[in-house]
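Results of the structural survey
One-letter residues, chain by chain:
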Amino acid sequence: MEAWQQCAESAITLAAPSQPQEEACTTALAITKALRARVRQVWRLPWENNWKEVWWRLLQHGVVAAGGHGWPMKWGTACPCGWQHSAASPRAAQALQLREHVFWTCTGASAIRRAIQHNLPGSVQLLPRHVWLLEQPCQTVRNEVWNVVRVPSCTECHVKS
Ligand SMILES: [Zn+2]
């Protein structure tokens with residue numbers, strides 16, 4: 001649950017970096033509580049578990065090569081897109097930056113986000129909490145449909161990074 005909370009805080013601050021930390025924590029806590037039901041829905045989907053695994057590991061901060069287990073990239077290396085985490089940050093922060101990069105800002109993740117955004121109603125902005133925590137981006141997209149769209153795309157983000 002602590003990892004889920006951290007994932008939720010990361011998703012919120014990534015979308016709104018100037019939001020006060022206390023407010024982000026409160027919102028993340030509410031999201032984390034609601035996440036239990038969504039996780040149960042996803043595990044009931046009649047798919048092979050390997051389609052769900054990357055998303056599950058993303059929540060647990062356990063995706064290898066995406067900051068999982070608190071491991072940042074090796075010193076002096078960069079993502080294939082050229083991105084590097086801040087050398088001045090502590091290792092744990094670097095690992096979180098890497099997760100945010102792989103699953104949100106890297107070129108592969110950005111392309112997937114654009115494709116999803118293109119299919120959402122015009123005024124709806126896709127946010128990390130919609131993608132990582134499976135929150136519905138709007139009422140017109142049903143939960144079950146959203147889970148089917150989002151869960152495999154986490155696998156795609158990881159593969160394309
Ligand atoms: Zn990258």
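First, a word on scope: everything that follows refers to the structure included in this document.

Cut-offs and rules
Residues numbered from 1 in each chain as written. Predicted model: local features only at pLDDT ≥ 70, side-chain atom pairs only at ≥ 80, totals over all residues. Core = buried A, V, L, I, M, F, W, Y, C linked by C-beta atoms within 7 Å. Buried ≥ 20, exposed ≤ 12 C-beta atoms within 10 Å, placed from the backbone. Helix = DSSP H or I, 4+ residues; strand = E, 2+ residues; numbered from the N terminus. Contact = placed C-beta atoms within 7 Å. Expected span 1.5 Å × (residues − 1). Axes fitted to C-alpha atoms, helices over the stretch in contact; angles between N-to-C directions. Parallel < 35°, antiparallel > 145°, perpendicular 65-115°, else oblique. Nonpolar A, V, L, I, M, F, W, Y, C, P; charged D, E, K, R; others polar.

Our focus in this paragraph is the nonpolar core. Of all hydrophobic cores here, the largest spans 33 residues; its most connected members are Ala8, Leu58 and Phe103. Going through the elements one at a time, helix H1 (2–15), helix H2 (21–44), helix H3 (50–60), helix H4 (91–105), helix H5 (107–118), helix H6 (128–132) and helix H7 (143–160) are the ones with two or more residues in this core. The contacts of alanine 8, once residues within four sequence positions are left out, are Ala28, Ile31, Thr32, Arg129 and Leu133.

This part is about the environment of arginine 114. By secondary structure assignment, the location of arginine 114 is in helix H5. A residue is classified by how many C-beta atoms lie within 10 Å of it, and arginine 114, with 10 of them, is exposed. The sequence separation of arginine 114 and threonine 27 amounts to 87 residues, and the corresponding C-alpha distance is 25 Å.

With a phi angle near 65 degrees, histidine 69 is a residue other than glycine that sits in the positive phi range. Within the secondary structure, histidine 69 is located in the loop between H3 and H4. When the 11 C-beta atoms within 10 Å are taken as the criterion, histidine 69 is described as exposed. Its identity as a non-glycine residue notwithstanding, leucine 134 has a phi of 60 degrees, on the positive side. Mapped onto the fold, leucine 134 is located in the loop between H6 and H7.

Turning next to H4. For H4, with 15 residues, the first-to-last C-alpha span of 20 Å sits near the 21 Å given by 1.5 Å per residue. Burial runs high along H4: 11 of the 15 residues are buried. The complete set of buried residues in H4 reads Gln94, Ala95, Leu96, Gln97, Leu98, Arg99, Glu100, His101, Val102, Phe103 and Trp104.

Okay, the packing of H1 against H3 next. Across the interface, H1 lies against H3 with an axial gap of 7 Å and an inter-helix angle of 90 degrees. Judged by the angle between their axes, H1 and H3 are roughly perpendicular. Of H3, the residues touching H1 (which contributes Ala3, Trp4 and Cys7) are Leu58, Leu59 and Gln60. Partitioning the contact of H1 with H3 into residue classes produces five nonpolar, one polar and no charged.

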